Amino acid sequence: KAGVTQTPRYLIKTRGQQVTLSCSPISGHRSVSWYQQTPGQGLQFLFEYFSETQRNKGNFPGRFSGRQFSNSRSEMNVSTLELGDSALYLCASSPSAGTYNEQFFGPGTRLTVL
Amino acid sequence: GESVGLHLPTLSVQEGDNSIINCAYSNSASDYFIWYKQESGKGPQFIIDIRSNMDKRQGQRVTVLLNKTVKHLSLQIAATQPGDSAVYFCAEKLYGQNFVFGPGTRLSVLP
């Protein structure tokens with residue numbers, strides 16, 4: 001079974017631009033979560049989607065948004081990019097949204113904001 | 001590869017020795033825990049999980065211990081190998097909430 005895939009793997013943007021990242025979960029998985037990873041802050045939760053609905057949202061500004069499609073694929077968007085948005089953005093999928101669900105990560109998208 | 005954490009605590013062990021990586025979790029009500037391994041340039045890789053109604057769970061070469069009294073989780077790796085060198089994260093979850101990750105520990109395996 002194919003793992004979680006994320007595209008693109010690397011992105012370079014300038015301040016003020018916006019960016020869209022894509023995540024395809026493991027086949028059959030319906031829950032997708034997004035995380036931001038930086039050396040200073042570690043892994044921080046952005047949001048979780050299940051059945052096209054946002055279930056949980058982390059403490060990030062409204063510039064960060066996401067959505068999930070009927071095939072469980074998910075996208076996240078960051079508008080008006082800031083230098084501090086440079087990070088590794090990770091997507092993780094789970095079979096469902098229950099508590100005891102293993103969560104598997106993709107390789108991440110490395111975003112650099114200049 | 002990317003730097004996961006520039007100033008993470010580091011555990012150095014000799015190849016063939018056993019490793020013990022510790023994690024203090026934050027919420028006494030958390031009821032599900034996962035250990036992840038992250039190699040440079042890659043996403044976190046699932047290692048083993050444990051539910052709060054268990055104290056111990058074993059996998060292949062790994063054992064997770066849960067002490068709810070002191071909110072402590074540990075990952076034991078038997079016969080540590082060079083390929084075990086990575087950053088290890090614990091993650092905790094409470095029903096209906098998202099996973100919360102620890103800061104990570106860098107494991108360095110010495111030849």
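Calculation rules
- Residues numbered from 1 in each chain as written.
- Chains lettered and ligands numbered in written order.
- Predicted model: local features only at pLDDT ≥ 70, side-chain atom pairs only at ≥ 80, totals over all residues.
- Heavy atoms only, no water.
- Helix = DSSP H or I, 4+ residues; strand = E, 2+ residues; numbered from the N terminus.
- Rg over C-alpha atoms; globule rule 2.2 N^0.38 Å.
- Buried < 20%, exposed > 50% of the residue type's maximum accessible area, 1.4 Å probe, protein only.
- Areas by Shrake-Rupley, 256 points an atom, 1.4 Å probe, with all protein chains shown as cover.
- Lys, Arg positive; Asp, Glu negative; His and termini not counted.
- Charge placed at Lys NZ, Arg CZ, Asp CG, Glu CD.
- Core = buried A, V, L, I, M, F, W, Y, C linked by side-chain atoms within 4.5 Å.
- Contact = heavy atoms within 4.5 Å.
- Salt bridge = Lys/Arg side-chain N within 4 Å of Asp/Glu carboxyl O.
- Disulfide = S-S within 2.5 Å.

Turning next to the overall build of chain A. Each helix and strand in chain A was counted, giving 0 helices and 11 strands. For chain A, the C-alpha radius of gyration of 13 Å lies close to 13 Å, the compact-globule estimate for 114 residues. With the C-alpha coordinates of chain A rotated into their principal frame, the extents come out at 35 × 25 × 25 Å. When burial is assessed residue by residue, chain A has 52% of its 114 residues classed as buried. Only carbon and sulfur atoms are counted for the fraction: they give 48% of the accessible area of chain A, which is about 5100 Å². The positive charge centre, built from 11 side chains, and the negative charge centre, built from 6, are 4 Å apart in chain A.

Quick look at the nonpolar core now. It is characteristic of soluble globular proteins that their nonpolar side chains tend to be buried jointly. With 21 residues, the main nonpolar core has Trp34, Leu46, Phe64, Met76 and Tyr89 of chain A as its most contacted residues. For this core, the secondary-structure elements that each account for two or more residues are β3 (19-24), β4 (31-38), β5 (42-50), β8 (74-78), β9 (87-94) and β11 (109-113) of chain A. Other than its neighbours up to four places away in sequence, leucine 46 of chain A contacts Trp34, Tyr35, Gln36, Lys57, Gly58, Phe60, Phe64, Met76 and Tyr89 of chain A. By size, the runner-up hydrophobic cluster in this structure holds 19 residues, among which are Val13, Ile21, Val62 and Ile77 of chain B.

Further remarks concern the pattern of salt bridges. Residues and elements named next belong to chain A. Under the defined criterion, the tally for this structure stands at 9 salt bridges over all chains. For glutamate 82, the salt bridge goes to arginine 63, with nearest N and O atoms at 3.6 Å. Pair noted here: glutamate 82 is in the loop between β8 and β9 and arginine 63 is in the loop between β6 (53-57) and β7 (64-68), with a separation of 19 residues, a long-range link. Here glutamate 82 falls in the partly exposed class, since its relative accessible area comes to 41%. With relative accessibility at 16%, the residue arginine 63 sits in the buried group. Linked by salt bridges that have partners in common, Arg63, Glu82 and Asp85 make up one network.

With that settled, consider the state of the cysteines. Summed over the entire model, instances satisfying the criterion amount to 2 disulfides over all chains. Through a disulfide, cysteine 23 of chain A is tied to cysteine 91 of chain A; the S-S separation comes to 1.7 Å. Between cysteine 23 of chain A and cysteine 91 of chain A the sulfur-sulfur dihedral comes to about -50°; the bridge is accordingly left-handed. Of the two residues, cysteine 23 of chain A is situated in strand β3 and cysteine 91 of chain A in strand β9; the sequence distance between them amounts to 68 residues. Residue cysteine 23 of chain A shares its accessibility class with cysteine 91 of chain A, and that shared class is buried. Bridging cysteine 23 of chain B to cysteine 90 of chain B, the disulfide has an S-S length of 1.6 Å. On the criterion of sequence distance, the pair formed by cysteine 23 of chain B in strand β2 (residues 19-24) and cysteine 90 of chain B in strand β8 (residues 86-93) is long-range, its members being 67 residues apart.

Everything listed here is a matter of geometry and, on its own, says nothing about what the molecule does.
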